[in-house]
Amino acid sequence: MTTSPTLSIRRFDARDTDAVVALWQQAFPEYRDATRPQRNPHLSIANKLATQPELFFVAVLDERIVGTVMGGYDGHRGWMYSLAVDEALRRHGIGTRLVAHVEEVLTSLGCPKLNLQILSAKTELRGFYEALGYRADAVVSLGKRLGALADAAPAA
Ligand SMILES: CC(C)(COP(=O)(O)OP(=O)(O)OC[C@H]1O[C@@H](n2cnc3c(N)ncnc32)[C@H](O)[C@@H]1OP(=O)(O)O)[C@@H](O)C(=O)NCCC(=O)NCCS
């Protein structure tokens, strides 16, 4: 007898690190760009484990990490980051499930609005988020790098 695999979403655990880094390197080309030292997946994970680690989630299928998403809530706005699905498993609703999971958890924390940013080069992503009810805000997103890489790298 065979059973079809079921997808589950759970909190990130430090033991997931290698699988998550491999997934991000596949999903985010900027993580493979040696000229962008600010894109350091190990540092992103370490920072998240130090700040609201309970809002870092992985999607697991057959005991394999197939997706990730990070949330954040500062008491005023929620943010979503690092949404990624294994290339071989896209268009099966896993991305939608991960977004719904973060929305549910942030809603339960009282978060009134969830924001996200898309790199402007990734035009195809607009359709994905718009189908989930996200709309472009009439804002210009500004950023400034702080700390050791402040002068070395552009903000995005
Ligand atoms: C964006 C991403 C997470 C979507 O994951 P996914 O599991 O494939 O998404 P879903 O299967 O839930 O897609 C739901 C719907 O969104 C739309 N959609 C998803 N990917 C799309 C794409 N690349 N282009 C246009 N529409 C898309 C479709 O309408 C899709 O429904 P359909 O398959 O029935 O047509 C995935 O493509 C990914 O990991 N991309 C690389 C990393 C990235 O850029 N992340 C976003 C950072 S802001």
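Quick caveat: nothing in here was measured; it's all calculated off a predicted structure.

Caption draft 1: Representation of the overall build of the protein chain in the model. What the protein chain contains, in helices and strands, is 4 helices and 5 strands. Listed N to C, the secondary structure of the protein chain is β-α-α-β-β-β-α-β-α in terms of helices and strands. Taken over the C-alpha atoms alone, the protein chain extends approximately 60 × 35 × 30 Å along its principal axes. Going through the 156 residues of the protein chain one by one, you find that 35% of them count as buried. The long-range share in the protein chain, meaning contacts at least 24 apart out of those at least 6 apart in sequence, stands at 60%. For the protein chain, the accessible surface area stands at approximately 9,900 Å², while carbon and sulfur atoms represent 53% of it. The distance from the centre of the 18 positive side-chain charges to the centre of the 17 negative ones in the protein chain is 4 Å.

Caption draft 2: Just the nonpolar core, in detail. Grouped together as the largest cluster of nonpolar side chains are 22 residues, with contacts concentrated most on Met 80, Ile 94 and Leu 98. Residue assignment for this core shows that the elements contributing at least two residues are strand 1 (7–11), strand 2 (56–61), strand 3 (64–73), strand 4 (78–85) and helix 3 (94–108). If we skip the residues at most four places from it in the chain, Met 80 touches Val 69, Met 70, Val 99, Val 102, Leu 114, Asn 115, Leu 116, Tyr 129 and Tyr 134. Listed in part, the 15 residues of the second largest apolar core include Phe 12, Val 21, Ile 65 and Met 70.

Caption draft 3: Representation of helix 1 (residues 17–27) within the structure. Taken residue by residue, helix 1 has Thr 17, Val 20, Val 21, Leu 23, Trp 24 and Ala 27 as its buried positions. One side of helix 1 carries all its buried residues, which in axial view fall inside an arc of 165°.

Caption draft 4: Summary view of the sheet that holds strand 2. Taken in spatial order, the 5 strands make up an open sheet running 1-2-3-4-5, and their pairing is mixed. The sheet terminates laterally at strand 1 and strand 5 (114–115), the two strands that pair on one side only. Each of strand 2, strand 3 and strand 4 touches helix 1; the most contacted strand, strand 3, lies at about 85° to it. The sheet contacts of helix 3 involve strand 1, strand 2, strand 3, strand 4 and strand 5, and relative to strand 4 the element is tilted by about 155°.

Scoring rules and cut-offs
- Note that residues are indexed from 1 along each chain, following the sequence as it is written.
- It should be noted that, the model being predicted, local features are given only for residues of pLDDT at least 70 and side-chain atom pairs only at 80 or more, the latter also being counted only at that level, while totals for whole chains, interfaces and linings use all residues.
- Based on all heavy atoms of the structure, the side-chain values leave hydrogens and waters out of the count.
- Put simply, DSSP marks the helices as runs of H or I at least four residues long and the strands as runs of E at least two long, and each gets a number from the N terminus on.
- Think of it in three bands: residues with accessible area under 20% of the maximum for their type are buried, residues over 50% are exposed, and the middle band is partly exposed, with areas taken using a 1.4 Å probe on protein chains only.
- Contacts were defined at the residue level, with two residues in contact if any of their heavy atoms lie within 4.5 Å.
- In this description, accessible areas are obtained by the Shrake-Rupley approach with a 1.4 Å probe, and a residue is regarded as covered only by the protein chains that are shown.
- The charged-residue count follows a simple rule in which Lys and Arg add positive charge and Asp and Glu add negative charge, with His and chain termini not counted at all.
- Here the site of a charge means atom NZ of a Lys, CZ of an Arg, CG of an Asp or CD of a Glu.
- Among the buried residues, those of types Ala, Val, Leu, Ile, Met, Phe, Trp, Tyr and Cys that are joined through side-chain atoms within 4.5 Å form a nonpolar core.
- The arc in question is the one spanned by the directions pointing from the helix axis to the C-beta atoms.
- Note on pairing: DSSP must find at least two bridges between two strands before they are called paired.
- The angle between two axes is taken between their N-to-C directions and runs from 0 to 180 degrees, where each axis is a line fitted to C-alpha atoms and a helix contributes only its stretch in contact.

Distances and angles like these do not, on their own, reveal function.
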